[in-house]
Amino acid sequence: MQKFIIKRLIQSVVILFFVAFIIYAIIRCLPTSFVEAMARQKSMQPGSKSYQEWLEQLNQMYGLDGGIISGFFRWLSRAIRLDFGDSWKWTIPVVEKFKDCIWVSFIMGAVSFFFEVIIAIPLGIISATKQYSKTDYIVSIIALAGISLPTFFFASLLKLVFSVKLGWFELGGLVGRNYQQLSATGQFFDKAYHLVLPIITLVVVSMGSLMRYTRTNMLEVLNADYIRTARAKGLSERKVIYHHAFRNTLIPIVTIIGGSLPGLFSGALITETLYSISGIGFVSYQSEISGDIPFFMFHTTFLAVLTLLGNLISDILYAVVDPRVRVS
């Protein structure tokens, strides 16, 4: 296992290098950039230099006057030293801006993922064990509704019902008007109160696919020969399902869980925008459309690292779940 992990880590470093280069090349080829916007803005000031002169000066200032390859290696030499520079759009260090907006997105993603797992997997198992029953049809309808509902529609529906009609929640924002006057405990519950609707939105629109995935894999396992053998030996149905069948169903589910690690730090752009929450999804989108290369490079490279780490965790969990992997 140790040799396997070391081998995968070396492969991950090589993959990360090429992924970072591709990301940098794509960002440099975007049709818009912070430098062009700044040059246009400064050229319109009275008595200022022309747009082309400002563009050349700003390109030289930010190291964009060279080619993509040379620019990437300049960025890489600083990134290795954990120096990601200042954000062009937010005018503060990239890491500082990342810390300001990442935690609210991480909390939303982690809590919604927790509820997604504890709701979707049991319902998927129940649906598979009671195939073609009323319970199966109800669970399937719920799953298909979750898959089909657009995020913006469901979020708007929740806001209409619970904010406009019932007045239980505010329309948006992360804190209330009296946030600064509350105690530390009060501030915590105020933020939790404002995150209820966004988390419900994320759970409902994402649990449908996991529910269907669990049901499909559980049905495949329940039709296997060793399950019929276990039943023929007189084992209880509960032990057959949860000890023999469910453990083999975990193998493909582990893939989803391991691959969900980047999602905890990528944010939810539509949800954050609709609920007026400045999370990492909203901030990274604003950085991308403004051509903020330092911030977007840091965030996308960070997600690439998490993706590779998630795949490694999935491979290790395979050995925990399935003894046959350990033997091979």
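Now for a description of the structure that goes with this document. None of these values were measured; they are calculated from a predicted model.

Now for the overall build of the protein. Assigned secondary structure in the protein consists of 16 helices and 0 strands. In the protein, which comprises 328 residues, the share counted as buried stands at 39%. Across the protein, contacts joining residues at least 24 apart in sequence account for 72% of those joining residues at least 6 apart. Accessible surface computed for the protein: about 18,600 Å², of which carbon and sulfur atoms make up 65%. Here the protein contributes 29 positive and 20 negative side-chain charges, whose respective centroids are spaced 9 Å apart.

The next subject is the packing of aromatic side chains. Counting across every chain of the model gives 18 aromatic pairs. Through successive ring pairs, a cluster of aromatic residues spans Phe17, Phe18, Phe21, Tyr24, Phe72, Phe73, Trp75, Phe84, Phe98, Phe298 and Phe302. Over the face of the ring belonging to Trp90 we find Lys97, whose NZ or CZ atom lies 4.3 Å from the ring centre. Of note, Lys159 hangs over the ring of Tyr275, and the distance from its end group to the ring centre comes to 5.7 Å.

With that settled, the discussion passes to the packing of helix α2 (residues 34-43) against helix α3 (residues 51-61). Helices that pack against each other are described as a pair by the angle of their axes relative to one another and the distance between those axes. It is the contact of α2 with α3, at a shortest axis distance of 8 Å, that shows an interaxial angle of 135°. Between α2 and α3, the interaxial angle falls into the category oblique. In this structure, the crossing between α2 and α3 has a hand that is right-handed. Facing α2, whose interface residues are Val35, Glu36, Met38, Ala39, Arg40, Lys42 and Ser43, α3 presents Tyr51, Trp54, Leu55, Leu58 and Asn59.

Moving on: the pattern of salt bridges. This model, assessed by the stated rule, comprises 3 salt bridges. The residue Asp136 makes a salt bridge to Arg215 at a minimum N-O spacing of 2.9 Å. Taken together, the residues span a long stretch of sequence, with Asp136 in helix α6 (residues 134-148) and Arg215 in helix α9 (residues 196-222) at a distance of 79 residues.

Turning next to the environment of Val19. With respect to the helices, strands and loops of the structure, Val19 is situated in helix α1 (residues 2-28). On the accessibility criterion, Val19 (29% relative accessible area) is partly exposed. The sequence separation of Val19 and Thr307 amounts to 288 residues, and the corresponding C-alpha distance is 11 Å.

Criteria and thresholds
Residues numbered from 1 in each chain as written. Predicted model: local features only at pLDDT ≥ 70, side-chain atom pairs only at ≥ 80, totals over all residues. Heavy atoms only, no water. Helix = DSSP H or I, 4+ residues; strand = E, 2+ residues; numbered from the N terminus. Buried < 20%, exposed > 50% of the residue type's maximum accessible area, 1.4 Å probe, protein only. Contact = heavy atoms within 4.5 Å. Areas by Shrake-Rupley, 256 points an atom, 1.4 Å probe, with all protein chains shown as cover. Lys, Arg positive; Asp, Glu negative; His and termini not counted. Charge placed at Lys NZ, Arg CZ, Asp CG, Glu CD. Phe/Tyr/Trp six-rings, centres within 6.5 Å; stacked < 30°, edge-to-face > 60°. Lys NZ or Arg CZ within 6 Å of the ring centre and 35° of its normal. Axes fitted to C-alpha atoms, helices over the stretch in contact; angles between N-to-C directions. Parallel < 35°, antiparallel > 145°, perpendicular 65-115°, else oblique. Left-handed = near helix turned anticlockwise from the far one by under 90°. Salt bridge = Lys/Arg side-chain N within 4 Å of Asp/Glu carboxyl O.

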